[in-house]
Amino acid sequence: MDRTLAADLARLPDLLEATRRTAADALEALDARPVVPAVVPPTGPPQDPEPLPAHAAGAAAALAAFQDRWAPRLSASAGPRYLGFVTGGATPAALAGDWLTSVHDQNSNSALDPAGQDLERETISWLRELFGLTDAHAGTFVSGATMSNTTGLAIAREWLGERLGVSPSEDGAAALGPVRVLSGAPHSSIAKALSVLGLGRSSLVAVPTLPGREAVDPAALDRALADTPGPAVVVANAGTVNTVDFDDLPAIVALRERHAFWLHTDAAFGAFAAVSPEHAHLAAGLDASDSLCIDLHKWLNVPYDSAVQFTRRQDLQARVFQNAAAYLGPLGGRPDLVHLTPENSHRLRALAAWFTLRAYGREGHREIVERDIACARALGAALEQDPAFRLLAPVRLNVVCFTLAEDPTPARLTALREAAQEEVFVTPTVYAGTPALRAAFSNWRTTQADVRRAAQALRTAAHTAAKGTA
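What you are looking at is a predicted structure, and each value in this text was computed from that prediction instead of being measured. (Residues numbered from 1 in each chain as written. Predicted model: local features only at pLDDT ≥ 70, side-chain atom pairs only at ≥ 80, totals over all residues. Heavy atoms only, no water.)

## Re the pattern of salt bridges
Our working rule: Definition used for salt bridges: Asp or Glu carboxyl oxygen within 4 Å of a side-chain nitrogen of Lys or Arg. Here a helix means four or more residues in a row that DSSP labels H or I, a strand means two or more in a row labelled E, and each is numbered from the N terminus. Partly exposed describes any residue whose relative accessible area lies between the buried limit of under 20% and the exposed limit of over 50%, with all areas from a 1.4 Å probe on protein chains only and scaled to the type maximum.
As enumerated under the stated definition, the model contains 26 salt bridges in all. Glu 423 is the salt-bridge partner of Arg 81, the closest N and O atoms lying 4.0 Å from each other. A residue pair is termed long-range when its members are at least 10 positions apart, and Arg 81 in the loop between helix H3 (59-69) and helix H4 (92-104) and Glu 423 in the loop between helix H14 (410-420) and strand S10 (427-431) qualify at 342 residues. In this structure, Arg 349 and Glu 343 form a salt bridge, with 3.0 Å as the shortest nitrogen-oxygen distance. Classification of Arg 349 by relative accessible area gives buried; the value is 7%. Since its relative accessible area comes to 16%, Glu 343 is described here as buried. Taken together, the shared-partner salt bridges connect Asp 31, Arg 81, Glu 423, Asp 450 and Arg 453 into one network.

Structure follows, in structure tokens:
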């Protein structure tokens, strides 16, 4: 064994303790550090990568180098005022679970070594209960919403083949002929998935939405399905990215009485409405989906990367992703995880989710969801009262979509966002043709005090920008 590697093994407890102290210090500083640090260097070309070390220096030296070179440049994305994208954090229990995931380093794919699979299946059963799904849905962990949507649409592709008497997994996507995938306001990952699956981005057909909404118009969807030759795929939204709008899932399901289609529901973070009694009606109908995407590193507050996909047709899922090798378990009636996703290597992502669900239960996660919703409403109200801003949509759940009241150009919004980003981080978007910003609340740490700090930072940035252009 390399001498330095052997030395690190001998002093592993000390190294882990040094890492623990470093991690604790980083978490302790989250509230005070810049949410997104200023770019270093502020001008000029990017720094060149350092060359690969030729000789061993040891883990302590690597930790010191990380702390010196990279830690100061990382964002406080685990903290309470990182409101860009839809980014959760990691609850204390989830963090402990994630650390132990690396410690035990399981590739949880085979019944030959089944404990990891069994833990994942238990976690899936808890998540089914959390989101109000029946056991008609089987689920599997994947890396994120994009992979969840891709997996769901791969199963939909096989269902189309079943209806047409072909098997795309065996014969290729071309065996299907033209395919239509209908949706009102699909997430960008849907087109990406269709490209990966060989169905093509052009197979995605935009269906009109309700006036002033991102929710699909059920009557327009009815007409589009009537105009579609043969079976189709419908991608429904349970929480759009810009405004957390929800399609009327029961109305879409009712269209099955007249049309043949696979219903895939993208509920990446909107599914968490089911956790709150006040908002559960928004998620009504999730269980009727044929496949379902839910992201966990958003509102479940487990570390990246973690999501889950559910489906009622795991038999078709295994037909798509089956992997034949002597060292792998058979398909059978309860397929090993290796037969259910694109990944042959499958870290024990479920452990962080298992930890946080075991630690805080339904009520603990309900409190996080409802507190984040209250924080989003409070920021929306604060911005609505300031004449510098304009809300572009009601705050339906946990996202505030807003813009400048006057001259909301991309350049001015970029300047505002960058001026505020040491205190609060929001991300750009375009809503109904208007350049805008989004503040998404999903972190377990966020409180009303953070809302006040975020609102003040945005006000200051907006008023400073207004003086600069006066």
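## Focus: the nonpolar core
Worth spelling out the cut-off: Definition used in this section: a nonpolar core is a set of buried Ala, Val, Leu, Ile, Met, Phe, Trp, Tyr and Cys residues joined via side-chain atoms within 4.5 Å. Note on contacts: a residue pair qualifies if any of its non-hydrogen atoms lie within 4.5 Å across the two residues.
Among the nonpolar cores identified, the biggest contains 56 residues, and Ile 294 and Leu 296 are the most heavily contacted of them. Per-element tally for this core: the top contributor is helix H13 (residues 350-384), with 7 residues. Those residues in contact with Ile 294 that sit more than four places away from it in its chain are Phe 131, Ser 148, Ala 267, Ala 268, Ala 271, Phe 272, Ala 307, Val 308 and Phe 310. In this structure, Leu 83, Ala 376, Leu 383 and Val 395 belong to the second largest nonpolar core, which totals 27 residues.

## Structural notes on the environment of Leu 458
Of note, Leu 458 is situated in helix H15 (residues 448-469). For the pair Leu 458 and Ala 419, spaced 39 residues apart in the sequence, the C-alpha separation amounts to 8.3 Å.

## Observations concerning the sheet that holds strand S8 (residues 389-391)
Pairing between the strands of a sheet is mediated by backbone hydrogen bonds and can be parallel or antiparallel. To keep it simple, the criterion reads: Pairing between two strands is assigned when DSSP locates at least 2 bridges connecting them. Between N-to-C directions, angles cover 0 to 180 degrees, with each direction set by a line fitted to C-alpha atoms, over the stretch in contact for helices.
Here we have 4 strands laid out as an open sheet, ordered S8-S9-S11-S10, and antiparallel in their pairing. Two strands lie at the open edges of the sheet, namely S8 and S10, each paired on one side alone. Strand after strand, the sheet turns through a mean of 45° between neighbouring axes, direction not considered. Alignment of strand S9 (residues 399-404) against strand S11 (residues 434-440), held across 4 bridges, turns out to be antiparallel. Within S11, the position partnered with Val 399 by the bridge is Ala 440.

## Quick look at the environment of Glu 129
Structurally, the position occupied by Glu 129 is in helix H5 (residues 115-130). Overall, Glu 129 belongs to the exposed group, its relative accessible area being 53%. The spatial distance from the C-alpha of Glu 129 to the C-alpha of Ala 145 is 20 Å, given a sequence separation of 16 residues.

In short, the description is geometric, and any link to function would need to be established separately.
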